[in-house]
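Chains, contacts and geometry: an overview
Given next are the chains, with one letter for each unit.
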Amino acid sequence: MWPVTKCNWRFVVSGAGGGGNDVQWCFSQVKGAIDDDVAEADIISTVEFNHSGELLATGDKGGRVVIFQQETENKSQSQFRSEYNVYSTFQSHEPEFDYLKSLEIEEKINKIRWLPQKNAAQFLLSTNDKTIKLWKISERDKRPEGYNLKEEDGRYRDAATITTLRVPVFRPMDLMVEASPRRVFANAHTYHINSISVNSDNETYLSADDLRINLWHLEITDRSFNIVDIKPANMEELTEVITAAEFHPHQCNTFVYSSSKGTIRLCDMRASALCDKHSKLFEEPEDPSNRSFFSEIISSISDVKFSHNGRYMMTRDYLSVKIWDLNMENRPVETYQVHEYLRSKLCSLYENDCIFDKFECCWNGNDSVVMTGSYNNFFRMLDRSQRRDVTLEASRESCKPRQVLKPRRVCAGGKRKKDEISVDSLDFNKKILHTAWHPQENIIAVATTNNLYIFQEKVN
Amino acid sequence: MAGAEGDDSLYPIAVLIDELRNEDVQLRLNSIKKLSTIALALGVERTRTELLPFLTDTIYDEDEVLLALAEQLGSFTVLVGGPEFVHNLLPPLESLATVEETVVRDKAVESLRKISQEHSPVDLEVHFVPLVKRLASGDWFTSRTSACGLFSVCYPRVSSSVKADIRQHFRTLCSDDTPMVRRAAASKLGEFAKVLELDYVKSDIIPLFTALASDEQDSVRLLAVEAGVSIATLLPQEDLEALVMATLRQAAEDKSWRVRYMVADKFSELQKAVGPEITKTDLVPAFQNLLKDCEAEVRAAAANKVKVFCENLPEDSRETIIMTHILPCVKELVSDTNQHVKSALASVIMSLSTILGKDNTVEHLLPLFLVQLKDECPEVRLNIISNLDCVNEVIGIRQLSQSLLPAIVELAEDAKWRVRLAIIEYMPLLAGQLGVEFFDEKLNSLCMAWLIDHVFAIREAATCNLMKLVEKFGAVWAQNTIVPKVLGMANDSNYLHRMTTLFCINALSEVCGQEITTKHMLPVVLKMSTDQVANVRFNVARSLQKIGPVLDSSALQAEVKPVLEKLATDQDMDVKYFALEAISVLALA
């Protein structure tokens, strides 16, 4: 069992009307189709705010990227923040077939990462299993008018009537948002890409697959540098894979990658060109009393994220979220149980493959609260400073504008209290894998299977 | 001017203008490339008032169109009415200097730098400098990076108050929030320093250099190294120690290997910039450290510089420094764990012998060459062999020949055909240095063996190699040693080898001269015209065409013509084709 000191706030949830933390979350918007039968292509596979929070991008299994834009502040409704509306939709990846390996390459968008803004246009990287693409999203509000040889509607003029030359003139038009592919970074990954991360130097980024991490220059597509390679000479000896990787938010030379064995390695690119030797290894010794057949599976890290200030990193494994101080390698500084009540259900979760679900996690703008998803369309808010947590639900039932989300509680065994949900009635097909937090404000985006919920802080 | 000449002359221009906004990128690109034609037809007035405003708004276009536009505008001065109106070109170039695509921005900056020279001093202050300031204080870093490249072109030609202003703007950019801008500033720091007055270099540039060289971003620090080299060339010798050396020393020991790599890569320039005294006191130990660096990339970059560094050492102490400081490091590198390091070293190590003279070479360098000749990596061995000429001049190649031979034989039989190809290319050089006797004895059989290699590229290179050998050793040698062997292959059972005979004859006929060609080669070629493989037959036709000019006319008429005529009636159409071609080229019809 986890240390007692951490248990005594684990299930502290204030009564109805309160919240796990001081913020009261209320419904803002839901995107996506309402009908129950879900098209495979519509399943959301990644959610990401840009650096200002003005834009929110989602990627789906159909290879599409949808970008939502926050409407500019409306003074008459100042108590309620503006909504996100569709800004641009484009097909980022198409299904492909690798004829040499006889492999289908899915179009599913695995990750989206925004680049820091460099001019009036916005740029993002999107990736499927094999190919990373750099997209430019730009606005156009002028178009040229005036031809010499034809009318604006396309009818040709009699060439004999041309006596003077006309130079076209730009005239205002309705705003048009264009997404155009600028770079395609292909053919560098043998295995499936699980992460991309832009460096703070603004000119390089990394891409990680199961066994390797490559470093790219954003303007160079025909070569990348391999910086980590954990592929053993003999694949039979393979014992772990890379599950996620991220650059430090400020130190351009530092990145981390997590493994299926529950460890995180921090590498310093200054030390050498090939980062096979890590400079720090974050690992918590396993509690022998807790060991079971599933120990290794549930300790696999599904996501790793640096805090905005760069001091901490957060990892998500199957049952918990851990916060690590970069200066302390032997144990996390904080451990939060996400859904400890599932520990007794691991066998059935193994049978229905749910145990392999890759939950992501995210920080709020000032690193005081973290969020991650669970089953039954529940998601968890873990308040670090107040050591409180709350479970909320993204559901159609609480979809009224500005409706405050009620905390949910799961009965962990024993007698079920009023308002509690029994573990057996949780729906494991409804899971929240992908969430995102606005970089400055209390606005969150939560992806259920094919819907995107946007919640925000209730402002009185 | 427009309008006056009527429809005929206007039509093509009208098409060009319309295609500026065609849906097809290629057509737009064509139109942009003929922008000067359009401008000429419109006249200077309309170019200024209509065409340029249109182009200023065209920034939504594809990169290649924008790139072409940025380039065109750099030579547009005449078309807008000469230097008096050149500032009209600034608005479109300003908007191009803010696009996200680096190549376009760089081209726009290049054009801006070009037209800045066409501004009068007054226009420069009234129009150009404000543009630079606008870019330098732009919201987006794309415009600020572009600004960095424009300071140095306007600085020398403006009044001192504006100069102060420009320096201030440059300072601001050096401490910009985004690493992109700091990188751009760092890369232009040296260039900007060159146009500044020496006092300002000391008071302004040095602090900026020191700050950039200790930037938190590796990518900024490594660019500062290059700037440091340029700045060092500007400063008087006595100021170097106080102003730049501390920073440069720090760069050579930077925590990041990329920065140290940059120092190693720029080492020769640095050496020239700081002069002999500082080289002795500072650079020699720094160079030793780089040669022993823990990162292979750094060691390889430093190893590449060994020759130039040693050459440029002050003459009075050169030999001592090399023998006591550099050579021990070099000895370690010979057995480095990384093959790139060893091969970088192998490409320069031989040239040390010219600097060290005969005795040192025999005593100290020769053992190293011999180790490298036995290296497991073929590239290392090749690099040694390809530089043999340096050693030959100092100690003669004989000293090496005993070890050379096994190395050459091993490379000649390497499993990778590219390695075999590389060694073939050095054969003529080796033959020249080892002499004909040694060659006949040891290497001739290798050269012949390549002729029957199973890779065509090797057979082809071997053919070419024979030609070069004959050029070196002469026709008599050819007749005695290689021609019999080549002609012998004409009876080989493998048609590929029979064709090799033909290819060799093609290559050799000219260098061997008329007599050998007519007496020995021609009969073989003619005999092969009845070969049962069509590929051989049409190559006979091609060979005859090739060697025809070497033969005299009687041989052509009496022997070549009947054979070609017969081949021209061959049942294979390729044979017919090449026979007819040869007949017409040799004018035998």
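Residues numbered from 1 in each chain as written. Chains lettered and ligands numbered in written order. Predicted model: local features only at pLDDT ≥ 70, side-chain atom pairs only at ≥ 80, totals over all residues. Heavy atoms only, no water.

An unreviewed UniProt entry lists chain B under the name Serine/threonine-protein phosphatase 2A 65 kDa regulatory subunit A beta isoform, with Carassius auratus given as the organism. Within the UniProt record for chain B, the comment given under Sequence similarities (unreviewed entry) is "Belongs to the phosphatase 2A regulatory subunit A family." (UniProt positions renumbered as here; feature names shortened; annotations may be inferred.)

Per an unreviewed UniProt entry, chain A goes by the name Serine/threonine-protein phosphatase 2A 55 kDa regulatory subunit B and belongs to Carassius auratus. Per its UniProt entry, chain A bears the Subunit (unreviewed entry) comment "PP2A consists of a common heterodimeric core enzyme, composed of a 36 kDa catalytic subunit (subunit C) and a 65 kDa constant regulatory subunit (PR65 or subunit A), that associates with a variety of regulatory subunits." In UniProt, chain A has this text filed under Sequence similarities (unreviewed entry): "Belongs to the phosphatase 2A regulatory subunit B family."

With that out of the way, let us pick up the overall build of chain A. Along chain A, the regular secondary structure elements total 3 helices and 32 strands. Over its C-alpha atoms chain A spans a radius of gyration of 24 Å, differing by no more than 12% from the 23 Å that the globule rule assigns to 460 residues. Partitioning the intrachain contacts of chain A with sequence separation of at least 6 by distance along the chain shows that 56% fall at a separation of at least 24. Element-wise, carbon and sulfur atoms account for 48% of the exposed surface of chain A, whose accessible area totals about 21,000 Å². The positive charge centre, built from 59 side chains, and the negative charge centre, built from 67, are 4 Å apart in chain A. (Helix = DSSP H or I, 4+ residues; strand = E, 2+ residues; numbered from the N terminus. Rg over C-alpha atoms; globule rule 2.2 N^0.38 Å. Contact = heavy atoms within 4.5 Å. Areas by Shrake-Rupley, 256 points an atom, 1.4 Å probe, with all protein chains shown as cover. Lys, Arg positive; Asp, Glu negative; His and termini not counted. Charge placed at Lys NZ, Arg CZ, Asp CG, Glu CD.)

Here the focus is the pairing of strand 16 (residues 242-247) of chain A. Residues and elements named next belong to chain A. Burial of strand 16 is extensive: 6 of the 6 residues sit out of reach of the surface. Pairing of strand 16 with strand 17 (residues 254-259) involves 5 bridges; the strand directions are antiparallel. Counted as the bridge partner of A244 is S258 from strand 17. Hairpin connection between strand 16 and strand 17: a loop of 6 residues separates the two successive antiparallel strands. (Buried < 20%, exposed > 50% of the residue type's maximum accessible area, 1.4 Å probe, protein only. Pairing = 2+ DSSP bridges.)

Once that is clear, we can look at the sheet that holds strand 13 (residues 204-208) of chain A. All names here are of chain A. The strand order across the open sheet formed by 4 strands is 12-13-14-15, and the pairing between neighbours is antiparallel. Strands at the two margins of the open sheet, each flanked by one partner only, are strand 12 (195-198) and strand 15 (225-229). On average, adjacent strands in this sheet sit at an angle of 20° to one another, irrespective of strand direction. (Axes fitted to C-alpha atoms, helices over the stretch in contact; angles between N-to-C directions.)

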